[in-house]
Amino acid sequence: MTSSILPLLLPAVVVAMGLAVFLPVPMDLTGRFLQHLLSPAVQILAASSAAILLRQAAAGYGPRDHERRVWRLGALAAWLWVIGLRVYAITEWSGQARAYPSAADGFLVGAFLVLLLALAEEFRLVNSILTRGQRQLLAGGALALWVVVIARFVWPIATSALDPVEKSLDLFYASTVALLFPLALGPAMAFRGSVSGYVWLGVAGGVLCLALSGLGFAYLTSFEVYSDVHPINLLRVAGLAILGASGAWHRRMLEAA
Amino acid sequence: MAHTLSRSEALAQLGGVGGGRALYDDLRPAYIRLEPLVTLLRRRGFSGVMHAAGQQGEGALWFARGQLLCAWLFPPGASRAEVHQHNPLEVLRTLWADADAVVVVRPGEPPRLPEAGEGRAPVDRVAPSAISQIPPAPQTPADPALAAIPWERLLPEALARVRRHRGRPLAQQLEDAINEALTPTAILAGTEVRGAVEPGKGVVALRALAAGLGRVAGGAFADRLIWTLGRDFGCEEAVKTIVRVEPAA
């Protein structure tokens, strides 16, 4: 199956399902019920497919290869998203008054941290290939991005009357974009112009979507306008699908050597 | 007392440079800057000579595995030249003042410098004329299987595949490692090998490439890439006997 086109089609199907679930605005009760039912299902499917495809990418390496650990950590992050999204769905469907912060955030924060570790491992690998100017550009970009995000999105939340746990989570989710995206861009720059470069550009795109969905989630929940059928969730579905597609593409590249 | 050499000794040094073809031939200071050229050669671990002749005289700068070894300069009409080991680049800089000077870069074995207090190395051969008439160095193939590997085509293709899979920066680093292994008889420049690759040095170069690629892309991938390459060039078994990639820890 790994050498066929199917692994690359799966993320496309997931994105199409996400578009079908999140973009329509159903007017009747049945339509709304179905949308609330399908929303977590599509997100969990996106995370599951990403986990499987990233694991397959890791399987293309030898047991002691450094990048095997990178892709395996990516797969672990996706599994943590699966668990976190399931816990979140159960919390919502059990009728609890506040689904955020909840036990689900433990898994979702863990997913971001494991993804951060995976990207840091890959960055360590390509560090010697990057020039000093490129490293400075990435560090400067990360800092600038973090300042913009904090000033534009987190500051209004930080100065509000929210509880400290929620504020901390908001700060973490908002900061992921500045932490993860430059780290993912590093390998794309190091391998630029090659097949691996495009794979890592895909990873960077997926990470950006995921981090932006986290930022959007934090921002919208602080103003009480987030719901599990909000179109911002499309970013999470797209991010996981792009990560999965990158894993599938990487596996094909390894097999084609 | 500074070490000097006569014109015949200088020609003998140039005559001792092996390799059939010049790496760079007929360069002119009018369009080539000295420092970038020297930097490029040093980065590639080059061994050989950069020879220049023009209105300012005739001089040579010697490299040994990327290090500047020494340089000498014959001003117009001079019969002896001083051998500079301290800041030898300055000698070539003098010749670079003439925009029409002719510069040739040729890989080869650098001369042996006399130790402190030692006499000059005996000169037993005088080159017939200019550096362009230097004959190629003879090859001594050891193992027939290794000698049968088409190193001049295999090494550039290996780098091309690395470039396709992992990009130009890594390929550039591996090219430098290959050149360090091939020096002084050959040098890999872009898609072409200049000079003759001795099988023993080819083995070292291929191992350097496999190890460097394995560190980044993993031993399994490096194995597959190089073995596929061996298959494509009809020497898979020979390649498999040389490349033992150590996976990254």
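What counts, and where the lines are drawn
- Residue positions are counted from 1 within each chain, in the order its sequence is given.
- Here the convention is simple: chains get letters from A, ligands get numbers from 1, in the order in which they are written.
- The predicted origin of the model limits local features to residues at a pLDDT of at least 70 and limits the giving and counting of side-chain atom pairs to 80 or more, whereas totals for whole chains, interfaces and linings rest on all residues.
- Strands are runs of DSSP state E lasting at least two residues, helices are runs of H or I lasting at least four, and both sets are numbered from the N terminus onward.
- For this measure, only C-alpha atoms enter the radius of gyration; the expected value for a globule follows 2.2 Å times N^0.38, where N is the number of residues.
- Exposure classes come from backbone-placed C-beta atoms, where a residue is buried if 20 or more other C-beta atoms lie within 10 Å of its own, exposed if 12 or fewer do, and partly exposed in between.
- Each residue is represented by a C-beta atom placed from its backbone, and any two residues with such atoms within 7 Å are regarded as in contact.
- Lys, Arg, Asp and Glu make up the charged group, whereas Ala, Val, Leu, Ile, Met, Phe, Trp, Tyr, Cys and Pro make up the nonpolar group; the residues left over, Gly among them, are polar.
- Working rule for helices: expected span equals 1.5 Å times residues minus one.
- As used throughout, a nonpolar core is a set of buried Ala, Val, Leu, Ile, Met, Phe, Trp, Tyr and Cys residues joined through C-beta atoms within 7 Å of each other.
- DSSP-based pairing: two strands are paired if at least 2 bridges between them are found.
- Helix axes are fitted to C-alpha atoms over the stretch in contact, other axes to C-alpha atoms as well, and angles between N-to-C directions run from 0 to 180 degrees.
- Here the angle decides the label: under 35 degrees means roughly parallel, over 145 means roughly antiparallel, 65 to 115 means roughly perpendicular, and every other value means oblique.
- Here is the rule for handedness: rotate from the far helix to the near one, and if that takes an anticlockwise turn smaller than a right angle the crossing is left-handed, while a clockwise turn gives right-handed.

Visitor: Before we go on, may I ask you to explain the overall build of chain A in this structure?
Guide: Per the secondary structure count, chain A includes eight helices and zero strands. N-terminal to C-terminal, the α/β element order of chain A is α-α-α-α-α-α-α-α. Its C-alpha radius of gyration of 18 Å places chain A within 12% of the 18 Å reference for a compact globule of 257 residues. Expressed as lengths along the three principal axes of its C-alpha atoms, the size of chain A is roughly 55 × 45 × 30 Å. Looking at the 257 residues of chain A, the share that counts as buried comes to 49%. At a minimum sequence separation of 6, the contacts of chain A that also span at least 24 residues come to 77%.

Visitor: I keep staring at the overall build of chain B and nothing clicks. Help me out?
Guide: Assigned secondary structure in chain B consists of nine helices and nine strands. Counting only residues that meet the buried cut, chain B has 45% of its 249 residues in that class. When contacts within chain B are restricted to residue pairs at least 6 apart in sequence, long-range pairs at least 24 apart make up 70% of them.

Visitor: Got a minute to help me understand the interface of chain A and chain B in this structure?
Guide: In many analyses, interface size is given as the accessible surface area lost on bringing the parts together. The partner chain B presents 21 residues to the 20 residues of chain A that form the contact. At the level of secondary structure, the elements contributing two or more residues to the side of chain A that touches chain B comprise α3 (66-93), α7 (195-222) and α8 (233-255) of chain A. Broken down by class, the residue content of the side of chain A that touches chain B amounts to nine nonpolar, six polar and five charged.

Visitor: What is the right way to look at helix α4 (residues 103-126) of chain A in this model?
Guide: Along an α-helix, a turn takes 3.6 residues, which lines up residues three or four apart on a common side. Along its 24 residues, α4(A) runs 36 Å from first to last C-alpha, staying within 8% of the 34 Å computed at 1.5 Å per residue. On its buried face, α4(A) sits against α3, α6 (164-190) and α7 of chain A together with α7 (199-217) of chain B.

Visitor: Looking at this model, I keep getting lost on the nonpolar core. Mind explaining?
Guide: Grouped burial of nonpolar side chains is what soluble globular proteins tend to show. All names here are of chain A. Ranked by size, the top nonpolar core spans 153 residues in total, and within it A78 and A184 carry the most contacts. If one sorts the elements of this core by residue count, α6 sits on top with 14 residues. Beyond its immediate stretch of four places on either side in the chain, A184 contacts L119, W200, V203, A204 and V207.

Visitor: Help me out: how do you make sense of the environment of A:A120 in this one?
Guide: Residues and elements named next belong to chain A. Within the secondary structure, A120 sits in helix α4. Of the residues examined, A120 has 16 C-beta atoms within 10 Å and is grouped as partly exposed. C-alpha of A120 to C-alpha of E92: the two residues are 28 residues apart in sequence and 34 Å apart in space.

Visitor: Just checking my understanding: could you explain α7(B) for this structure?
Guide: In this model, α7(B) (19 residues) spans 26 Å end to end at C-alpha, consistent with the 27 Å of a helix rising 1.5 Å per residue. The positive-phi residue at the C-terminal boundary of α7(B) is B:G218, with phi of around 100°.

Visitor: It is not clear to me how the sheet that holds strand β4 (residues 57-64) of chain B should be interpreted in this structure. Could you clarify?
Guide: What holds strands together in a sheet is hydrogen bonding between their backbones, with the strands either parallel or antiparallel. All names here are of chain B. With respect to topology, seven strands assemble into an open sheet ordered β1-β6-β5-β4-β3-β7-β2, the strand pairing being antiparallel. Edge positions in the sheet fall to β1 (4-6) and β2 (24-27), since each has one partner strand and no second. Ignoring strand direction, the axes of neighbouring strands in this sheet form an average angle of 20°. In this sheet, strand β5 (residues 67-74) lies alongside β4 in antiparallel orientation, the contact comprising seven bridges. Each residue of the ladder has a partner; that of G59, found in β5, is L73.

Visitor: So what exactly am I meant to see when it comes to the packing of α7(B) against helix α8 (residues 219-232) of chain B here?
Guide: Relative orientation and spacing of two packed helices are given, respectively, by the angle between their axes and the distance between those axes. Residues and elements named next belong to chain B. For the pair α7 and α8, the least separation of the axes is 7 Å and the interaxial angle reads 135°. Classed by the angle they form, the pair α7 and α8 counts as oblique. For the pair α7 and α8, the sense of crossing is right-handed. Contacts between α7 and α8 involve A210, L213, G214 and A217 from the first element and G219, F221, A222, L225 and I226 from the second. Residues of the contact of α7 with α8, tallied by class, amount to seven nonpolar, two polar and no charged.

Visitor: Is there a simple way to think about the pairing of β4(B) in this case?
Guide: Along a regular strand, successive side chains alternate from one face of the sheet to the other. Residues and elements named next belong to chain B. Summarising burial for β4: six of the eight residues are buried, a large majority. Here strand β3 (residues 48-54) pairs with β4 via seven bridges, running antiparallel. Residue pairing across strands places A53 opposite E58, the latter belonging to β4. Here β3 folds back onto β4 in antiparallel fashion, the turn holding two residues. Joining the antiparallel neighbours β4 and β5 is a turn of two residues, in which R65 adopts a positive phi near 50°.

Visitor: Explain the pairing of strand β7 (residues 102-107) of chain B here, please?
Guide: Residue and element names in this part refer to chain B. Of all six residues in β7, five are buried, a share of seventy percent or more. For β2 and β7, the ladder comprises two bridges, and the chain directions are antiparallel. Paired with L27 across the two strands is V103, which belongs to β7. In terms of strand pairing, β3 meets β7 through six bridges, oriented antiparallel. Counted as the bridge partner of V49 is R106 from β7.

Visitor: What am I meant to see in unusual backbone geometry here?
Guide: For residues that are not glycine, phi is negative in most cases, and the peptide bond is trans in most cases. A positive phi angle is found at A:E224, which is not glycine, with a value near 60°. Tracing the sequence through the fold places A:E224 in the loop between α7 and α8.

Visitor: Help me understand the packing of α6(A) against α7(A), please; the structure alone is not making it clear to me.
Guide: Residue and element names in this part refer to chain A. The N-to-C vectors of α6 and α7 enclose an angle of 170°; their axes lie 8 Å apart at closest approach. The orientation of α6 relative to α7 falls into the category roughly antiparallel. Looking at side-chain class alone, the contact of α6 with α7 contains 21 nonpolar, four polar and one charged residues.

Purely geometric stuff here, so don't read any function into it on its own.
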